[in-house]
Amino acid sequence: IWLWRLSDDEVGFRALIPQLNEIMQQEIRPLLAKDIIEQLKRQFALLSGGRGKDGAPIITFPEYAGFSDLPDEDFLNVVTYLTSIPSLDAASIGFIIIIDRRRDKWSSVRTSLARIAGAFPGNLQLVLVLRPSRFIQRAIADIGIRLHRDDFKMKVPIIMLNSVSDLHGYIDKAQLTCELGGNLEYCHKQWISLRTAIENFAVTVKSTAQKLQKFGTDLAETELPNDVRCTKDLLAAHNEKHDKLKEELKQAMKEGTTLLSCIKEQANKNPNNKSNPDEAENLTTVERLLAQLDETENAFEQFWSKHHLKLEQCLQLRHFEQDFREVKVSLDSLMATQAALSDIGDCVTRVEQLLKDLRALEEKESLEKAQLHALHGDQLIQSNHYAVDSIRPKCVELRRIYDNFTNEAKKKYDILAKSHEIHKLMDKSGVYLLASQAVDKCQSQEGAEAALQDIERFLETAKEHQLSSLKDLYNQYEIVLTQEVKVRLPGDSEPEMFEKRHVSLKRLSAKQTRPVQPVAPRPESSPKRSSPRTPRTAGHGESENQRVNGLNILPSRHIMNELIETERLYVEELQSIIEGYATELDKAESSHLVPAALQDKKEVLFGNLPEIYEFHNRTFLKELENCAENPELVGTCFLKRKEDLQVYEKYCQNKPRSESLWRQCGDSAFFQECQKKLDHKLSLDAYLLKPVQRITKYQLLLKEMLKCSKNSEGTAELEEALATMLDIVKSVNDSMHQIAITGFEGNLYELGKLLMQGSFNVWTEHKKGHSKVKDLARFKPMQRHLFLYSKMLLFCKKREETSDGHEKSPSYSFKHSLKMSAVGITENVKGDLKKFEVWYNGREEVYIIQASSMDVKNMWVSEIRKVLTGQLEACRGTRAPRVLKQRIGLIRSKCRGSSSMLEKSIRSATRRRVCLSVCGQHRARMMCGLGYFQRREPFFVCHSFSGKILI
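Basis of the calculations
Residues numbered from 1 in each chain as written. Predicted model: local features only at pLDDT ≥ 70, side-chain atom pairs only at ≥ 80, totals over all residues. Heavy atoms only, no water. Helix = DSSP H or I, 4+ residues; strand = E, 2+ residues; numbered from the N terminus. Buried < 20%, exposed > 50% of the residue type's maximum accessible area, 1.4 Å probe, protein only. Contact = heavy atoms within 4.5 Å. Areas by Shrake-Rupley, 256 points an atom, 1.4 Å probe, with all protein chains shown as cover. Salt bridge = Lys/Arg side-chain N within 4 Å of Asp/Glu carboxyl O. Axes fitted to C-alpha atoms, helices over the stretch in contact; angles between N-to-C directions. Parallel < 35°, antiparallel > 145°, perpendicular 65-115°, else oblique. Left-handed = near helix turned anticlockwise from the far one by under 90°. Pairing = 2+ DSSP bridges. 1 Å grid on protein atoms, 1.4 Å probe; cavity = no way out; pocket = protein on both sides within 12 Å on 5 of 7 lines; lining within 4 Å. Points joined across faces, edges and corners; volume = space filled by probe spheres on them. Nonpolar A, V, L, I, M, F, W, Y, C, P; charged D, E, K, R; others polar. Core = buried A, V, L, I, M, F, W, Y, C linked by side-chain atoms within 4.5 Å. Phe/Tyr/Trp six-rings, centres within 6.5 Å; stacked < 30°, edge-to-face > 60°. Lys NZ or Arg CZ within 6 Å of the ring centre and 35° of its normal. Expected span 1.5 Å × (residues − 1). Bend = angle between axes of the 7 residues up to and from the residue. pLDDT = per-residue confidence, 0-100. Patch = residues over 30% accessible without salt bridge, like charges linked within 9 Å, V, L, I, M, F, W, Y side chains within 5 Å.

So, on to the overall build of the protein chain. Summing up its helical and strand segments, the protein chain has 32 helices and 18 strands in all. Here the protein chain, with 951 residues, has 44% of them falling under the buried criterion. Considering only contacts within the protein chain whose residues lie at least 6 apart along the sequence, 72% involve residues at least 24 apart. Counting only carbon and sulfur atoms, one obtains 51% of the accessible surface of the protein chain, whose full area is about 52600 Å².

Below, the structure is given as structure tokens:
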């Protein structure tokens, strides 16, 4: 079972997303140096880093013997890669091409120009050709360029140069390599190595960002387990993944730092020469990648620390809950043992044993554990634990049980202490002495004399101790005495009691003249005490009824007056808001105070408040005032304006947008100035909450009015008005939830009226699903928020989101939907009275739904039944004959009973419009979009004929 989601982690992860997106959106070149490394090594085209006078990048085609034999794909790949290296600004200027063919022939020049013209992917600015140096080839080149210039179809100049000195007239020597008479240092092998390293580092950064994004998404979507073991496993798994990613980030940073050092070291080798633009761009690229990686690492660590803290707090909570359950069981056992110690003892020894047992209970470890556990809970609360609302009640419960045990132990100590004192006094008072003298032994002369001597010895010691009388003992401790002890305490005082026994024993000890028949004396009983009773006052019921009836009218008038007075105050407050704030927004003299965020957003801030004000000021207040002398008419007033009161739904739907706008500009000077003019103690946002409070207040006043108007005129209208207002409040509340649905591609308003919405535990089972998925679904519920429309049932996942540190606002991510026309319902599910089933397409999909209470379940089942019954009524009539024939055929294919039973079932179905088929073993009542089914052994009765039967 999963209880909480890491909603805080989702917020933290959103803070990490910008850094990841910046890296993810960086374009990785379609061609990398490592992909065409062999073509680059041939060195038939170079990007030395030189620039033209206007900053145009220079690509050099040095002398290469096999240029004519190069495959077109190799040529295109190299040229495409070289043109992708300079920045976009440099590339937009256009490339300068230098073709060095001094040692070659005119045919090679023509081939090079033709290839460049046909396949060069970038913008060209200028083509410079160092023509063949041999005389004949130079002459042929001069003639050839004149004849074939148009064949190359180049829109840029092609300049034929005789020597490198001519080339220096177009390109600065500092931008040319030594082969072309310049002083620009260039090593092709080193260039390839550097490009490969930079591109590999860029790929590494992007790969690391992808892993971070995936891990961050997994963390944000993680749900907290509900037991210690699973929480430990989850924490260990996340720690392991984090450490692995941390190591990869460390390696990537190390790789980038090493690369940056190499680039800087190479640039510092020749301090007299400035680095060319390509080298500077390489340095900037690596520095940017390192900065992005560092920012991403910092953001990820902040996100991870929050997530890790949440997991650790979850583990603390699971330990706390587990220990709480154990301590609670021990305390309950301790309380039961204490309750069993109800005896107060019948002698001193017994009382002392009971006191010893009570002290032993107080020394049990459970009590100390309860206190320590409550203190541990307080520490968790003080450490800003996220589950304070779960921890605090448990601490309160532990302290309550501990206090109850302590108080009960104190009471028992007091009672046992008194009982101990009583029995000690009874020992000293001689009651036990008199009780121990057997009557039959005292009938003989010897026995009577022995008993007489015992009494005389006791009376001598009693005078020394000055013992109180037994009557005083009885009166002082009567509440503590058990019935057995009370029997032992006679009603006479000690002198009288001992005097009577002394006289009797004297008489018996005298010499007997004849045998004495042993007769046991009649025991002396204590005087009867009747417990005082308080007589019931006659006529109490009548007086109470008279009191209620006498005040029946006055409370209703009082409530009506309260309703009217609060309505007047409400209208005045709405007027002050509109005139003091909304109207001021449109005034030119206040425009300089209005914040920019509020420009053209008055309707967002105030919603349809003017419409609500007009309705109450012009209509509703006057109608309520007309009911002042006749409160019984107020119900009719509310029913009459049922449709008008729906304006609150639009206002409440806009409230989240209004609150968001207020948070942006609520501190502005404009609102402070308006509040000062109005002399309002509260700011505007408190007054914008008034309509929400007012629409919920009406039903409370109607309830009070209804209590005073039972069985009187207007009661029925009041009850209907109360139901109407409750329905409006529910509709407003439901609409607030509906606007928070995200991810549903259709139009919610086409689904019909929103009838119900609420959160449930949901288990799913699909006939076509894997068996393991079925088994898992039975034990692991999903937390889903359901929206019931007249045409569809939506399953959504509730998400709590915080904005700018303010209170959480829920959103509902759409997951699944069921058309009500193909839905069936089973009202009761074995094992849990709060569960019911919703099934789809003949139980192809089954959803077991657990409500929070029986009342919630009954309301949903009732509402779904109404929808299905409505579909049944809408379909009945036109389709019945055709469907009946189809259903009878279906019965033949499904029924496994005898043919006579089948025919009897079909005849009965035809006659009574009821179709029968063989069912299972358990009784259950179910409904589908066609009607309802009633299991009656051994048949499954479908009370419907308006659609295909679902068996």
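On we go from here.
In this section: the pattern of salt bridges. Where charged atoms from two side chains of opposite charge come close, those side chains can pair. Tallied over the full model, the rule gives 31 salt bridges. What emerges from the salt-bridge pattern is a single network uniting Glu-623, Lys-640, Arg-641 and Asp-644.

This next bit is on unusual backbone geometry. Unlike most non-glycine residues, Gln-43 shows phi in positive territory, near 65 degrees. Along the chain, the position of Gln-43 falls in the loop between helix H2 (37-41) and strand E2 (58-61). With a phi close to 60 degrees, Asp-600 is a non-glycine residue in the positive phi region. Secondary-structure assignment places Asp-600 in the loop between helix H20 (553-585) and helix H21 (602-606).

Tracing the sequence through the fold places Lys-105 in the loop between strand E3 (95-100) and helix H5 (106-119). Along the chain, Lys-105 and Ile-140 lie 35 residues apart, while their C-alpha atoms are 8.7 Å from each other. If we skip the residues at most four places from it in the chain, Lys-105 touches Pro-132, Arg-134 and Gln-137.

It is at 10 Å that the axes of helix H24 (residues 647-665) and helix H27 (residues 690-707) come closest, and there the two elements cross at 135 degrees. With respect to H27, the element H24 is oriented oblique. For the pair H24 and H27, the crossing hand works out as left-handed. In this structure, H24 contributes Tyr-648, Tyr-651, Cys-652 and Lys-655 to the contact, and H27 contributes Pro-691, Val-692, Arg-694 and Ile-695.

Here we take up the sheet that holds E2. Sheet architecture is open: 4 strands sit in the order E2-E3-E4-E5, paired in parallel fashion. Each edge of the open sheet is held by one strand with a lone partner, namely E2 and strand E5 (158-161). Within the sheet, the average angular offset between the axes of one strand and its neighbour, ignoring direction, is 20 degrees. Inspection of the sheet shows E2 paired to E3 by 4 bridges, in the parallel sense. Counterpart to Thr-60 in the pairing with E3 is Ile-98.

So, about empty space enclosed by the protein. Under the defined criterion, the tally for this structure stands at 4 cavities of 30 Å³ or more. For the largest cavity, the full set of lining residues is Leu-194, Ile-263, Gln-266, Ala-267 and Glu-279. In terms of residues, the lining of the largest cavity owes the most to one element, helix H9 (residues 228-268), which gives 3 residues. The residue inventory of the lining of the largest cavity, partitioned by class, reads 3 nonpolar, 1 polar and 1 charged.

For Lys-410, the location among the structural elements is in helix H13 (residues 388-429). A residue is classified by how much of its surface remains accessible, and Lys-410, at 57% relative accessible area, is exposed. Once the C-alpha coordinates of Lys-410 and Leu-358 are considered, the two residues, 52 residues apart in sequence, prove to be 9.9 Å apart.

Residue position: Ser-165 is located in helix H7 (residues 164-168). Looking at Ser-165, the relative accessible area reads 48%, which means it is partly exposed. The sequence separation of Ser-165 and Gly-181 amounts to 16 residues, and the corresponding C-alpha distance is 7.8 Å.

A few words now on the nonpolar core. Counting residues in each nonpolar core, the largest one holds 56 residues, and the members touching the most others are Leu-605, Phe-606, Leu-624, Phe-638, Phe-671 and Leu-684. Sort the elements by how many residues they give to this core and H20 lands first, with 12 residues. When residues no more than four places from it in sequence are discounted, the contact partners of Phe-606 are Ile-577, Tyr-581, Ala-582, Leu-585, Tyr-651, Leu-684 and Leu-688. The next biggest cluster of nonpolar side chains, apart from the first, holds 33 residues, and it includes Ile-36, Val-78, Ala-91 and Val-109.

Let us look at the packing of helix H3 (residues 72-84) against H5. Between H3 and H5, the least distance of the axes is 11 Å, while the angle of their chain directions is 65 degrees. When the interaxial angle is binned, H3 and H5 end up roughly perpendicular. Considering how the two elements wind past one another, H3 and H5 form a crossing that is right-handed. Contacts between H3 and H5 involve Asp-72, Phe-75 and Leu-76 from the first element and Arg-115, Ile-116 and Ala-119 from the second. Residue composition of the contact of H3 with H5, grouped by class: 4 nonpolar, no polar and 2 charged.

Before going further, it helps to examine the packing of aromatic side chains. Within the structure shown, the criterion is met by 22 aromatic pairs. With 6.4 Å between their ring centres and 70 degrees between their planes, Phe-44 and Phe-67 make a pair best called edge-to-face. Residue Phe-44 is found in the loop between H2 and E2, and its partner Phe-67 is found in the loop between E2 and H3; the two are separated by 23 residues along the sequence. One exposure class covers both Phe-44 and Phe-67, and it is buried. With a centroid separation of 4.9 Å and 65 degrees between ring planes, the pair formed by Trp-662 and Phe-671 is classed as edge-to-face. Phe-671 shares its class with Trp-662; the two are buried. An aromatic cluster is built from Phe-44, Phe-61, Tyr-64, Phe-67 and Phe-75, whose rings are joined through pairwise contacts. Its guanidinium or amino end placed over the ring of Phe-67, Arg-101 lies 4.9 Å from that ring's centre, counting from NZ or CZ. Across from the ring centre of Trp-763, 4.2 Å away, lies the NZ or CZ of Lys-835, which sits over that ring.

Okay, the side chain of Asn-282 next. Tracing the backbone through its elements, the reader meets Asn-282 in helix H10 (residues 277-340). Classification of Asn-282 by relative accessible area gives buried; the value is 9%. The contact partners of Asn-282, leaving out residues within four places of it in the chain, are Leu-194, Arg-195, Ile-198 and Ile-263.

Counted residue by residue, strand E9 (residues 782-789) has 6 buried out of 8 residues, so it is predominantly covered. Note: strand E8 (residues 754-766) against E9, 8 bridges, orientation antiparallel. Residue Gln-757 lies in a different strand from E9, and its bridge partner there is Phe-787.

Once that is clear, we can look at H24. Compared with the 27 Å implied by 1.5 Å per residue over 19 residues, the 26 Å span of H24 between its first and last C-alpha is a close match. Taking the largest bend as the criterion, H24 deviates by roughly 40 degrees, centred on Lys-655, and proline Pro-656 comes between one and four positions later. Along H24, the residues that are buried comprise Val-647, Tyr-648, Tyr-651, Cys-652, Asn-654, Lys-655, Ser-658, Leu-661, Trp-662 and Cys-665.

A word on the confidence of the model for the protein chain. In this model, the protein chain carries an average pLDDT of 76, and 72% of its residues clear a pLDDT of 70 or more. The least confident element of the protein chain is strand E15 (residues 915-918), whose mean pLDDT is 32; the most confident is helix H22 (residues 609-625), at 93. Contacts of residues 1-13 to residues separated by more than four positions or lying in other chains number 50 contacts, the stretch itself having pLDDT below 50. Throughout residues 880-951 the model reports pLDDT below 50, and contacts reaching past four residues in sequence, or to other chains, amount to 150 contacts.

Together, Phe-135, Ile-136 and Ile-140 make up a nonpolar patch on the protein surface, roughly 360 Å² of accessible area in all. Within the secondary structure, Phe-135 sits in helix H6 (residues 135-148). Judged by its relative accessible area of 71%, Phe-135 falls in the exposed class.

Take the pairing of strand E12 (residues 823-826) next. If a strand is regular, its side chains alternate between the two faces of the sheet. Side-chain alternation along E12 places Val-823 and Ile-825 on one buried face and Gly-824 and Thr-826 on a second face that is also buried. As paired strands, E12 and strand E13 (residues 835-840) are joined by 4 bridges and run antiparallel to one another. Note on E13: the bridge partner recorded for Gly-824 is Trp-839.

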